[in-house]
Amino acid sequence: MLTVDFDRLGIGPSSKVIDVGCGAGRHAFEAYRRGADIIAFDRDEAELKSVETILRAMAENGEAPAAATAEAVVGDALSLPYPDETFDCVIASEILEHVTQDDAVIAELIRVVKVGGTLAVSVPRWLPEQVCWLLSDEYHANLGGHIRIYRASELRDKIAANGLELTHSHHAHALHSPFWWLKCAVGVENTDHPVVTAYHKLLVWDLMQRPRLTRIAESVLNPLVGKSVAMYFTKAQKTGTEATLGYSVASI
């Protein structure tokens, strides 16, 4: 289940991409399928081992072009171990709501994007997330849980203030919002509740079959209750003054 729209990223053979906070690797896998040189980056070493196993299996089964490369790297998003302007595309999907020093992470994401490159960021959307927080403390008040709710305009302004230009935004996963509201209402850990179980089966069926009816329904509902908001930014060329003074847009 992809949150980021890859057709907007221009990722293909020889593209250098990093998926920061890659989690289970869903976006890294798609970048690899499209021929990118992908780094799946996360602080969770155990989860990264699973990601690395899948990336290796994809290579062995011919699910990615032979020229593409894939690497799983353990590290901290507060200090990405790469030089300035390394990547054509940086993806950070559903991670900023988890970190206390979000401004510092945003600065790092911007630092490693090439001039003219793309930064794709997604976070939980304000309204569906507010409902979850109102229904359940358990949903967010846990180790590694969500520590803030963004308004899209707030996050947009944080990134744009560092010299990037917003090129597009959209909402995603509207069918998942009611699922999480149900989980929060009955208890996040109450996975055996019959309503939650039935809805989960519906989501799995939708993911596997992609029927036209649910695709249309989600496209209609996304602007209203999409669970996530995704935003796409381009890193602008430095102006002559900035180049002369020797500082980067990301450092302002």
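Source: prediction; values computed, not measured.

Relative to the helices and strands, histidine 173 is located in the loop between β6 (164–172) and α6 (176–186). Residue classification places histidine 173 among the buried positions, given a relative accessible area of 8%. Ignoring sequence-local partners within four residues, the contact set of histidine 173 consists of Met1, Leu2, Thr3, Arg26, Glu218, Asn222, Gly226, Lys227 and Ser228.

Phi at serine 14 is positive, roughly 80 degrees, even though this residue is not glycine. Within the secondary structure, serine 14 is located in the segment before β1 (16–20). Overall, serine 14 belongs to the exposed group, its relative accessible area being 56%. Residue histidine 173 is not a glycine yet carries a positive backbone phi of 65 degrees.

Right, let's get into the packing of α6 against helix α7 (residues 194–209). In contact at an axis separation of 10 Å, α6 and α7 are set at 160 degrees when each is read in the N-to-C sense. Between α6 and α7, the angle is such that the two are roughly antiparallel. For the crossing formed where α6 meets α7, the hand is left-handed. Across the interface between the two elements, His176, Pro178, Phe179, Leu182, Lys183 and Val186 of α6 pack against Val195, Val196, Tyr199, His200 and Leu203 of α7. Looking at the contact of α6 with α7, its residues break down into eight nonpolar, two polar and one charged.

Counting 29 residues, the largest nonpolar core has Val20, Tyr82, Val90, Leu96, Leu119, Leu155 and Ile159 as its most contacted members. For this core, the elements supplying multiple residues, two or more each, are β1, β2 (37–42), β4 (87–93), α3 (102–111), β5 (113–124), α5 (152–160) and β7 (228–235). One finds Ala40, Cys89, Ala120 and Ala230 within the second-largest nonpolar core, a separate group that totals 25 residues.

Moving on, we come to the UniProt feature "domain: Methyltransferase type" (unreviewed entry) in the chain. Residues given the UniProt feature "domain: Methyltransferase type" (unreviewed entry) here are residues 18–120. From the first C-alpha to the last, residues 18–120 spans 11 Å; its make-up is 33% helix and 28% strand.

Bringing the packing of aromatic side chains into the picture now. Describing an aromatic ring pair means giving the distance of the ring centres and the angle of the ring planes. Using the criterion set out here, one finds five aromatic pairs in the structure. Considering the side-chain rings of tyrosine 82 and phenylalanine 87, the 5.2 Å spacing of their centres and the 80 degrees angle between planes classify their relative orientation as edge-to-face. Taken together through their ring pairs, the aromatic side chains of Tyr139, Phe179, Trp180 and Tyr199 make up a single cluster. Over the aromatic face of tryptophan 126 sits the side chain of arginine 151, whose NZ or CZ is 4.0 Å from the ring centroid. Note that lysine 183 overlies the ring of tryptophan 180, its terminal NZ or CZ placed 5.6 Å from the centroid.

The next subject is the pairing of β5. Burial analysis of β5 places nine of its twelve residues in the buried class, which makes it a mostly covered element. Relative to β5, β4 runs parallel, the two being bridged by six bridges. Bridge pairing in β5 places valine 90 opposite leucine 119. Taking the sense of rotation as the criterion, the β-α-β connection linking β4, α3 and β5 turns out right-handed. With seven bridges connecting them, β5 and β7 associate as antiparallel partners. Looking at the pairing, proline 124 lines up with serine 228 of β7.

Cut-offs used in this document
- Residues numbered from 1 in each chain as written.
- Predicted model: local features only at pLDDT ≥ 70, side-chain atom pairs only at ≥ 80, totals over all residues.
- Heavy atoms only, no water.
- Helix = DSSP H or I, 4+ residues; strand = E, 2+ residues; numbered from the N terminus.
- Buried < 20%, exposed > 50% of the residue type's maximum accessible area, 1.4 Å probe, protein only.
- Contact = heavy atoms within 4.5 Å.
- Axes fitted to C-alpha atoms, helices over the stretch in contact; angles between N-to-C directions.
- Parallel < 35°, antiparallel > 145°, perpendicular 65-115°, else oblique.
- Left-handed = near helix turned anticlockwise from the far one by under 90°.
- Nonpolar A, V, L, I, M, F, W, Y, C, P; charged D, E, K, R; others polar.
- Core = buried A, V, L, I, M, F, W, Y, C linked by side-chain atoms within 4.5 Å.
- UniProt positions renumbered as here; feature names shortened; annotations may be inferred.
- Phe/Tyr/Trp six-rings, centres within 6.5 Å; stacked < 30°, edge-to-face > 60°.
- Lys NZ or Arg CZ within 6 Å of the ring centre and 35° of its normal.
- Pairing = 2+ DSSP bridges.
- Right-handed = clockwise from strand over helix to strand, strands pointing away.

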